[in-house]
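Below are the chains, spelled out letter by letter.
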Amino acid sequence: MLTRRLFLGGVAAAVFASAAQAQDMPVYFDTDGAAMGGYDAVSYFNGDGPVRGKPQYSVMWKGVEWHFSSAENRDRFESNPRAFAPQFGGYCAYAMAQGELISTDPTLWQVVDGRLYLTHSPEIEEMWSSDRAGFIRKAEEHWPVVLYHQ
């Protein structure tokens, strides 16, 4: 009886540890130690297109460091990060529609209905642009579940 209890207790602990580890996993894709490869997420909404951020204007959010080109952009992000952060954790929007986690090129982007979407390559960007609304719907079916099944 004691062996059975130890076994069941071990299984419960393993399941809890896996769930806790999945919840601690960063949601946002990062390269070179920063979300979006160090690009300023707010800059996509200023009409300037993507601008590189600077480490001195950074903030930690959702387990990832975010860089900004100015203190003003950093403060705007901090006041409402979800308004500026890319959809699907900064992973490729087209790949997410296929249920895959693929890196992105922060210079390949589009703002659709006030939300930022990134893609992996010029070829993928072109495919994604052919049916953005359809791919967004499909990607939303996979997000964020796909993070925990890779």
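Sequence order sets the numbering: in each chain, residues are counted from 1 along the sequence as written. Where totals are concerned, whole chains, interfaces and linings use all residues; where local detail is concerned, this predicted model gives features only for residues with pLDDT of at least 70, and gives and counts side-chain atom pairs only at 80 or more. By convention in this description, side-chain values take in all heavy atoms of the structure and omit both hydrogens and water.

1. Some points on helix α6 (residues 132-142)
Then comes step 1: Accessible area is worked out with a 1.4 Å probe on protein chains only. A residue is then buried under 20% of its type maximum, exposed over 50%, and partly exposed in between. Helix numbers and strand numbers start at the N terminus; a helix is a DSSP run of H or I with at least 4 residues, a strand a run of E with at least 2. Along α6, the residues that are buried comprise G134, F135, I136 and A139.
Then comes step 2: Where α6 is buried, its residues contact α4 (93-97), β5 (105-112), β6 (115-119) and α5 (122-129). In this description, contact between two residues means that some pair of their heavy atoms is separated by no more than 4.5 Å.

2. Some details on the side chain of Q110
Then comes step 1: Assignment of secondary structure puts Q110 in strand β5.
Then comes step 2: For Q110, a relative accessible area of 16% corresponds to the buried category.
Then comes step 3: In this structure Q110 touches R115, L116, Y117, E125, W128, S129 and R132, once residues within four positions along its chain are discounted.

3. A closer look at the pattern of salt bridges
Then comes step 1: Salt bridge criterion: a side-chain nitrogen from Lys or Arg within 4 Å of a carboxyl oxygen from Asp or Glu. This structure, assessed with the given rule, holds 1 salt bridge.
Then comes step 2: Residues D75 and R74 are paired through a salt bridge, measuring 3.3 Å at the closest nitrogen-oxygen approach.

4. Describing the confidence of the model for the protein
Then comes step 1: Model confidence for the protein is summarised by a mean pLDDT of 86, while 82% of its residues fall at 70 or above.
Then comes step 2: Counted against residues more than four places away or in other chains, residues 1-24, with its pLDDT under 50, gives 1 contact. pLDDT measures how confident the predictor is about each residue, on a scale from 0 to 100.

5. Overview of the packing of aromatic side chains
Then comes step 1: Each aromatic pair joins two rings of Phe, Tyr and Trp (for Trp, the six-membered one) with centres within 6.5 Å, and gets the label stacked for planes under 30 degrees apart, edge-to-face for over 60, and tilted for any other angle. Enumeration according to the criterion identifies 14 aromatic pairs in this entry.
Then comes step 2: With centroids separated by 5.3 Å and ring planes inclined at 40 degrees, the aromatic side chains of Y28 and W61 adopt a geometry described as tilted. Separated by 33 residues along the polypeptide, Y28 in the loop between α1 (2-24) and β1 (30-31) and W61 in strand β3 (residues 54-61) bring together distant segments of the chain. Side by side, Y28 and W61 carry an identical accessibility label, which is buried.
Then comes step 3: Ring centres of W66 and F77 lie 5.0 Å apart, and the angle between their planes is 35 degrees; on these two criteria the pair is classed as tilted.

6. Details of the environment of L118
Then comes step 1: Structurally, the position occupied by L118 is in strand β6.
Then comes step 2: C-alpha of L118 to C-alpha of T107: the two residues are 11 residues apart in sequence and 8.0 Å apart in space.
Then comes step 3: Residues contacting L118, with those up to four places away along its chain left out, are M36, Y44, P86, G90, Y91, C92, A93, T104, P106, L108 and W109.

7. A short note on the environment of R82
Then comes step 1: The topology assignment puts R82 in helix α3 (residues 81-84).
Then comes step 2: Here the alpha-carbon distance between R82 and R115, two residues 33 residues apart in the chain, equals 9.1 Å.
Then comes step 3: In this structure, R82 is in contact with W61 and K62, ignoring residues within four places of it in sequence.

8. Here's the deal with unusual backbone geometry
Then comes step 1: Backbone torsion omega between W143 and P144 reads 0 degrees, so that peptide bond is classified as cis.
Then comes step 2: Counting through the fold element by element, P144 comes out in the segment after α6.
Then comes step 3: Even without being a glycine, D32 presents a positive backbone phi close to 55 degrees.
Then comes step 4: Here D32 is to be found in the loop between β1 and β2 (34-35).
Then comes step 5: Unlike most non-glycine residues, K62 shows phi in positive territory, near 55 degrees.

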